[in-house]
Amino acid sequence: MEKRKMDRKSSVIGGLVIVALVGAFFIGYSLTSSNASVSLFGTCSIDNINGATKVNGTWVSRLGIPLVVQGWAADRVASAAPNQALVELVDKQDRVINSWQGAFTTARPDVSKAFKNPFMSNSGLNISLGKIKNSGVYSLVLGDINSGQRQLCVVPYTLKINP
C-alpha cells in the first residue's frame, strides 16, 4: 500500500477544519447540554418528544401513540434560523422510513443568545409525527427544505418504537 504525502497546505486546511468542528461542537453543546447535535451545516436539538419517554439516551414509545417533536435548529451556513423544517425517520440501514414537514416558528431566545444572532430567535420547531406504523429503532434527522433539504444534523438520540 502506497503512503500519500500530505503537503503543508493540506495539513493546515485539515487542521483548520478540525478546529472549526471542535469549536462548533462546544457552541452546540452549551445550548442544551447533551441534547445538541452538530453537523457541518447546523446545530440542532430535540428537547422533547411528546408521547415518548427518554430512557438511557433513547426516546421510547409504542405503536399507536401520536408523537410530537419539539426542539430547535440553527443553520450556520445561512447564519439564521431555518424556515421550513423537514424531519426524517431513518432506520438502521439508513433508509428514510417517513418524513414530515413543518415550520421553525417557535420562539427560542436561548438559541438566538447562544449564537449572538437576533435572526435565530424563531428557530424552534413543534412538529407532529403522528403514529409511527412499524416498531423498531430509528434515528431522527432535521433538515431545512428551503436550502434544498440539506441535512442540518442527525439528533444524537435514537427513537425506539415498541410493539
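Residues numbered from 1 in each chain as written. Predicted model: local features only at pLDDT ≥ 70, side-chain atom pairs only at ≥ 80, totals over all residues. Heavy atoms only, no water.

1. Let's talk about the pattern of salt bridges
Tallying each qualifying case throughout the model produces 3 salt bridges. For Asp-47, the salt bridge identified is with Arg-108, shortest N-O distance 2.6 Å. On the criterion of sequence distance, the pair formed by Asp-47 in strand β2 (residues 42–50) and Arg-108 in the loop between β7 (96–106) and α2 (109–114) is long-range, its members being 61 residues apart. The exposure class of Asp-47 is partly exposed, given its relative accessible area of 26%. For Arg-108, a relative accessible area of 14% gives the class buried. Between Asp-91 and Arg-95 there is a salt bridge, with its nearest N and O atoms 2.7 Å apart. (Salt bridge = Lys/Arg side-chain N within 4 Å of Asp/Glu carboxyl O. Helix = DSSP H or I, 4+ residues; strand = E, 2+ residues; numbered from the N terminus. Buried < 20%, exposed > 50% of the residue type's maximum accessible area, 1.4 Å probe, protein only.)

2. Focus: the packing of aromatic side chains
Enumeration according to the criterion identifies 0 aromatic pairs in this entry. Seen from the ring of Tyr-157, Lys-54 lies directly overhead, with NZ or CZ sitting 4.2 Å from the centre. (Phe/Tyr/Trp six-rings, centres within 6.5 Å; stacked < 30°, edge-to-face > 60°. Lys NZ or Arg CZ within 6 Å of the ring centre and 35° of its normal.)

3. Here's the deal with the confidence of the model for the chain
Model confidence for the chain is summarised by a mean pLDDT of 74, while 66% of its residues fall at 70 or above. The secondary-structure element of the chain with the lowest mean pLDDT is helix α1 (residues 8–32), recorded at 37, while strand β4 (residues 58–62) shows the highest, at 94. Per-residue pLDDT stays below 50 along residues 1–36; that stretch engages in 33 contacts with residues further than four places along the chain or on separate chains. (pLDDT = per-residue confidence, 0-100. Contact = heavy atoms within 4.5 Å.)

4. Quick notes on the state of the cysteines
As enumerated under the stated definition, the model contains 1 disulfide in all. Here Cys-44 is linked by a disulfide to Cys-153, with a sulfur-sulfur distance of 1.9 Å. Residue Cys-44 is found in strand β2, and its partner Cys-153 is found in strand β10 (residues 150–162); the two are separated by 109 residues along the sequence. A residue is classified by how much of its surface remains accessible, and Cys-44, at 0% relative accessible area, is buried. (Disulfide = S-S within 2.5 Å.)

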